[in-house]
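Listed below, chain by chain, are the residues.
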Amino acid sequence: MEFAEHRMYQPGDELRYVDWKILGRNDRLYVKQFEEETNLRAMVVCDASRSMAWSGSPGVVLPKLDYARVLIAALSLVLIRQRDATGLITFDDDVRTITPPRARLSHWRQLLQVLGALEPGQGTAAEPALRRVVAQLRRRGLVVFVSDLLLDRALALKALRFLRHRGHQVVVLHVMDPGEVNLGGPNEARFEDPETHSTVVLRPRDWAGAYGETVRRVITEWRLACLRHGIAYHRVTTDTPFGIVLREALSPGSSNR
């Protein structure tokens, strides 16, 4: 068991849990409370790269990173309220923060502080962040990977498969802006990659069909690759109510979408 916090002694409490050091200093009886490590342990891995800061409809639809922050906060609260220790790893082109899993409610407020201070970084390197999960989950647990998946798919899948091989339940939440699903815009537009800053000028109407087909193919490839290795995959657009996403992601045996 892992120490959680102190509380005042109450008649009937076992004397072995009394903190005698506090009694000696303050002449007050406190007992130690512990977290039972029989419940689930979970790690959420959040992509904070530059591409996650994008919104196709600013002021109407949340940027992907803001949506992910709220989603992770809600998911963490659900897990912690059912006594599941929950931690968080954030990354861009390097691991940004590591918050080890805890099950106390005060820990949720710590997660909120980390999420609130999170700013979009630069490139995307998911594999090192996913590898760091191993040190945080010493036994089988839940790994939730939240990303727009604009990254090196081969390396990310290799790390996700490794986590499955270690016995962890793995869930991928593929966060997309509605504007990424279909190509639209004026007669001619300049598009810029937020991470590499490379640009291209084209007519959206001329390329909408090819673009849509490419997006559908990439989504299908991710879904099938996850399915083959027992990884749950859910595509999430940032106009989807959070409750729907939580219900699908946390329901046992949920099918890939």
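From a predicted model like this one, the values you see are computed outputs, not experimental measurements.

Procedures and definitions
- Residues numbered from 1 in each chain as written.
- Predicted model: local features only at pLDDT ≥ 70, side-chain atom pairs only at ≥ 80, totals over all residues.
- Heavy atoms only, no water.
- Phe/Tyr/Trp six-rings, centres within 6.5 Å; stacked < 30°, edge-to-face > 60°.
- Helix = DSSP H or I, 4+ residues; strand = E, 2+ residues; numbered from the N terminus.
- Buried < 20%, exposed > 50% of the residue type's maximum accessible area, 1.4 Å probe, protein only.
- Expected span 1.5 Å × (residues − 1).
- Arc of directions from axis to C-beta.
- Polar contact = N/O pair within 3.5 Å; in protein donor to acceptor, adjacent residues only side chain to side chain.

**Q** Teacher, can you tell me more about the packing of aromatic side chains here?
**A** In this description, an aromatic ring pair is defined by two values, namely the gap between the centres and the angle between the planes. According to the stated counting rule, one finds two aromatic pairs in the structure shown. Judged by centre distance (4.6 Å) and plane angle (25°), the rings of Tyr67 and Phe242 are stacked. Taken together, the positions of Tyr67 in helix H2 (residues 64-81) and Phe242 in helix H8 (residues 242-250) put the pair 175 residues apart, joining distant regions of the chain. Relative accessible area serves as the criterion here: at 1%, Tyr67 is assigned to the buried category. With a centroid separation of 6.1 Å and 15° between ring planes, the pair formed by Phe91 and Phe145 is classed as stacked. Residue Phe91 is located in strand S4 (residues 85-91), and its partner Phe145 is located in strand S6 (residues 142-147); the two are separated by 54 residues in the primary sequence.

**Q** What is the right way to read helix H5 (residues 153-165) from this model?
**A** Three or four residues apart is the spacing at which side chains of an α-helix point the same way, because the helix has 3.6 residues per turn. Under the 1.5 Å per step criterion, the end-to-end length of H5 is 18 Å for 13 residues, consistent within 8% with the ideal 18 Å. Every buried residue of H5 is accounted for by Ala156, Leu157, Ala159, Leu160 and Leu163. Along H5, the residues classed as buried sweep out an arc of 160° about the axis, all on the same side. Looking at H5, the residues exposed on the side facing more than 90 degrees away from the buried face are Ala154 and His165. Between the side-chain oxygen at the start of H5 and the backbone nitrogen of Ala154 there is a gap of 3.2 Å, and the oxygen is on Asp152. Gly167 lies just past H5 and shows a positive phi near 95°.

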